[in-house]
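Understanding the architecture of this molecule
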Amino acid sequence: MTIAEIFQTMTYGPAPEAADVAQAWLERHDRKLALFIDNQWVPPHSGNYITSRSPATGAVLAQFADGDAQDLNRAAGAARRAFESWSKLSGHERARHLYAIARGIQKHSRVLAVLEALDNGKSIRETRDLDVPLVARHFYHNAGWAQVMERELAGTQPVGVIGQIIPWNFPLLMLAWKIAPAIAMGNTIVIKPAPYTSLTALLFAEIIAEAGLPAGVVNIVTGGDQTGALITAHPAFDKIAFTGSTNVGRIIRRATAGSGKRLTLELGGKSPFVVFEDADLDAAVEGLVDAIWFNQGQVCCAGSRLLVQESIAEPFLAKVRARMDKLRVGDSLDKNIDIGAIVDPVQRATIDGWVQRGIAEGAEVYQPACDLPSAGCWYPPTLMTNVNSASTVVQEEIFGPVVVAMTFRTPSEGIALANNTRYGLAASIWSENINLALDVAQKVKAGSVWVNCTNVFDAAAGFGGYRESGFGREGGREGLHDVLRPAWQARPRPFTPPLNGVHGGKDRKQPLPAPLNGKNGKTHEAALPAPLGESASASLRIDRTAKLFIGGAQKRPDGQYSRAIFDTDGHAIGQIAEGNRKDIRDAVEAAVKAAPSWGKKNGHTRAQILYYIAENLSARADEFTLRIASLTGDLGGARAEVVATVDRLFTYAAYADKYGGTVQETTLRGLTLALHEPIGVIGIGCPDDHPLLAFVSLVAPAIARGNAVVVVPSESAALVATDFYQVLETSDVPDGVINIVTGGRDALMKTLADHDNVDAVWYFGSAAGSEMVEKGSAGNMKRTWVNYGNPRQWFDAEQGAGADFLHEATQVKNVWVPTGE
Ligand code: NAD
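In this report, we go over the structure that sits alongside the text. Along each chain, residues carry numbers from 1 onward, in the same order as the chain's sequence is written. With pLDDT at 70 or above as the cut-off, local features in this predicted model cover only qualifying residues; side-chain atom pairs require 80 or more to be listed or tallied, and sums for whole chains, interfaces and linings still use all residues. To get the side-chain values, take all heavy atoms of the structure and skip hydrogens and water.

1. Some details on the sheet that holds strand E26 (residues 661-663)
Strands pair in a sheet through their backbones, by hydrogen bonds, and they do so in one of two ways: parallel or antiparallel. Strands are labelled as partners when DSSP assigns at least two bridges between them. The numbering of helices and of strands both runs from the N terminus, where a helix is a DSSP run of H or I of at least 4 residues and a strand a run of E of at least 2. Spatial ordering of the open sheet is given by E14-E15-E16-E13-E12-E17-E18-E33-E27-E26, a layout of ten strands whose pairing is mixed. In this open sheet, the two strands that pair with only one neighbour each are strand E14 (364-366) and E26. Here the average twist between neighbouring strands, direction ignored, is 20 degrees. Sheet analysis places E26 next to strand E27 (residues 670-678), joined by three bridges and oriented antiparallel. Each residue of the ladder has a partner; that of Thr 662, found in E27, is Ala 674. Only heavy atoms enter the contact rule, under which two residues are in contact if any of them lie within 4.5 Å. The axes are straight lines fitted to the C-alpha atoms, using for helices just the contacting stretch, and the angles between their N-to-C directions are given from 0 to 180°. Contacting strand E17 (426-430), strand E18 (448-451), E27 and strand E33 (810-818), helix H16 (residues 434-443) runs over the sheet at an angle of about 155 degrees to E33.

Below, the structure written as structure tokens:
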């Protein structure tokens, strides 16, 4: 083509980036990469290697080790040894190491960007301008957190040794999100990259060794999915941090249940991209390009559901099609392409499978007639219309350059459509009306909401999901919580050294939840009256059977059974209702109904109600003291418990309007607002001890932060909770905000853990009950908070009302609002 012709057509020619340095690095390793353990290259125990190909050409790039159980033992051992010294370094010393890593990444940024593009198929423009700079930024930002840890995060300690598993779509960035905060806070790690994209992690290994990171702090065990499963089962880890698909997340939730390992899951999404009629349409079209064609749409938070207001749908979609015609698909090392290669033929087949299914269900497909390279793995940008909210392609994550479009008429219809998904990772909202945009931002259920922008990330703001997009945050101050635990808290389950290398976790098995035994080991044969001689003494006799408390009213239990409660001498002192599954379902329904309006009440109103509960409890302090004493036989302790409970109610009345969120100091020009939103409906299982204080210590933070609760008191303590109905009835608590179902705690908690309309479960009971709750929660990936049978000192300010309560009662949504020209 002559220069004159170029001026005529104004088309781009290829602008290839040189790959020689990256290829030289692979050659230096003879294209055969070992495991990185204790700052050494360690050949895999099995001698097996996996082949890595360039998605853009299909050429073999290198082979990397397939780690097995022996390799993992070795890596976990190295990490555990390193933890002893690394966790004891001062924050400043760790900060210097993270700073050195950040500098190292910058020094080697070009080779990292090139190798990432080669290995993943994504465009060099993206790896050079986004992935690698953000990787460095995460280490800088977390160097800062290490520096100020002692001051800003007093009362915390590192979780320990963390097993991390990451996906292939942002190999380096996901690695940085996981490693930087974890090691900044004093943890050590074993990380497994995804099998399609393990090479840059190994280049990163050399960079951290060069930067002088002590041996064993970061260990990289490459391998297939089986290596990931070995990590989740290995007892050496105190925490598993996983990013990947919701299906695998569910497997991991079940596999780690009851182990005492902390777990964070960053999972899939089907994020809405909502365009209102008053949006800047051209800007929104460019936004859509970034939302769904960035990284070939292989982005967990891709704006893959385009929701357009009906009045502008036609012109907007016409603009989208015109823009799609101009998108260039091509070699990842070409600086002039918009869309690179799909990571692997298997992924390409998956994408096409979804598109064909959409077509079979009646969708119309638009794909521009773009030139696709002959070799390599490609998929054209794709727009699907004529779909509805039940279409498979609207509900399922396609994880490719495919957007589905639907229309809506009113903002409330748009919000309903946006939320009509089991996921909740991100949302992008386009409107020039700030009032509308910020209103929608608050109503959309997602961890990141971008207003008039999309796919903006920064180390100073957390990223993570609502609903089945997972739990936990990476980035920002909020992400640090997930790599720390309270200073007072030991590892919840003892560390068991591996037997013969591999662990299925069998040694952790606990007996099933105990049968429904009352105090002193009495079996409550619920339907039967108390045996002769065990009836209540005349002075303590209470001639009523407490009912359940559901939707603001006392309700008879569905099964019409009751059970006796005994005092310390074995005398029956009252009867409680025996709730069943149906009662739990009714209570959840009441809570689901109450949660939205309670969550929207301002903090002042919620505080007033908590103070009112405290006031009414205080007025009946003697009655509660006697009741607790009748159960515990300790009058002094009972009196102290009531006083402490009133104090606790004051604490959470105070926090009803003091934990709303912060402004994050991200690199965005504009505002990034971290909103601490309620989770929704929380199921709470109370411990056996401190029937009033523990009950209130759990319920008060949940409702203070706008959640509705279904509470199951422990059997032995249930009479105290049922006495509390009258306090609630006189304290203006809106119907359905607090629901109480008495009966066999663990059986009722199982129903709550399994229930799809419950958003989180807190359980303070036995180790076996904790395992049951964690397993059951996998259905809708609800958040759990359990104690594995470890008692808490409820009187203690940290253990009974520390930072973890407010953290567990909220989820962070980051709203990004660019401002200015
Ligand atoms: P994947 O779930 O198949 O694999 C992710 C990682 O888990 C890989 O390293 C894999 O080897 C490993 N793995 C697979 N099976 C395992 C098992 N049974 N036990 C333990 N580890 C196992 O996901 P993927 O295809 O690599 O990545 C795409 C998915 O990741 C998408 O669903 C995407 O939305 C999600 N993702 C989420 C985020 C986020 O931050 N929420 C970010 C990026 C990607």
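Back to the write-up after that little detour.
2. Re unusual backbone geometry
The backbone of Asn 455 shows a phi angle near 50 degrees, a positive value even though the residue is not glycine. Mapped onto the elements, Asn 455 comes out in the loop between E18 and strand E19 (470-471). Note on classification: 1.4 Å probe, protein chains only; a residue is buried when its accessible area is under 20% of the maximum for its type, exposed when over 50%, partly exposed between these limits. Accessibility expressed as a relative area gives 7% for Asn 455, which makes it buried.

3. What about the site of the ligand?
For each residue, the test is whether any non-hydrogen atom lies within 4 Å of the molecule or strand; if one does, the residue is near. The immediate surroundings of the ligand are formed by 27 residues, with Ile 166, Asp 225, Ser 245, Leu 267 and Glu 397 found nearest. Side-chain atoms alone can form a polar contact between residues adjacent in sequence; in general such a contact is a pair of N or O atoms within 3.5 Å, and within protein one must be able to donate a hydrogen while the other accepts it. Asp 225 is positioned with one of its side-chain polar atoms (N or O) 2.7 Å from an oxygen atom of the ligand. In this structure, Ser 245 approaches the ligand through a side-chain N or O atom, which is 2.6 Å from an oxygen atom. Residue-level accessible areas treat just the shown protein chains as cover; the underlying method is Shrake-Rupley with a 1.4 Å probe. Contact with the protein chains removes 90% of the 850 Å² of surface that the ligand exposes when unbound. Considering each element in turn, the shell around the ligand owes the most residues, three residues, to helix H9 (residues 225-233). Residues are grouped as follows: nonpolar covers Ala, Val, Leu, Ile, Met, Phe, Trp, Tyr, Cys and Pro; charged covers Asp, Glu, Lys and Arg; every other residue, Gly included, is treated as polar. When the residues that make up the shell around the ligand are grouped by side-chain class, the tally is 17 nonpolar, six polar and four charged.

4. Some words on the side chain of Arg 627
Residue placement: Arg 627 occurs in helix H20 (residues 621-632). What makes Arg 627 buried here is its relative accessible area of 9%. Within the structure, Arg 627 has its side chain in polar contact with the side chain of Asp 723 (distance 2.7 Å).

5. Some thoughts on the packing of helix H18 (residues 581-600) against helix H24 (residues 745-754)
At their nearest, the axes of H18 and H24 sit 10 Å apart, and the two run at 50 degrees to each other. Taken together, H18 and H24 sit at an angle that is classed as oblique. As H18 runs across H24, the sense of the crossing is right-handed. From H18, Arg 581, Ile 584 and Val 588 reach across to H24, where they touch Leu 748, Thr 751 and Leu 752. Across the contact of H18 with H24, the residue classes break down as four nonpolar, one polar and one charged. The cut-offs work like this: below 35 degrees is roughly parallel, past 145 is roughly antiparallel, 65 to 115 is roughly perpendicular, and the gaps in between are oblique. Left-handed is the label given to a crossing in which the near helix is rotated counterclockwise from the far helix by less than a right angle, and right-handed is the label when the rotation is clockwise.

6. Focus on the packing of aromatic side chains
Here the aromatic set is Phe, Tyr and Trp, taking the six-membered ring for Trp, and pairing holds for ring centres within 6.5 Å; pairs whose planes are under 30 degrees apart are stacked, those over 60 apart are edge-to-face, and all others are tilted. Evaluation of the coordinates by the stated rule reveals 21 aromatic pairs. Measuring from centroid to centroid gives 5.8 Å for Phe 457 and Phe 463, while their planes differ by 65 degrees, and the two rings are edge-to-face. The same class applies to Phe 457 and to Phe 463, which are both buried. Taking the centre distance of 5.6 Å and the plane angle of 65 degrees together, the rings of Phe 764 and Trp 794 count as edge-to-face.

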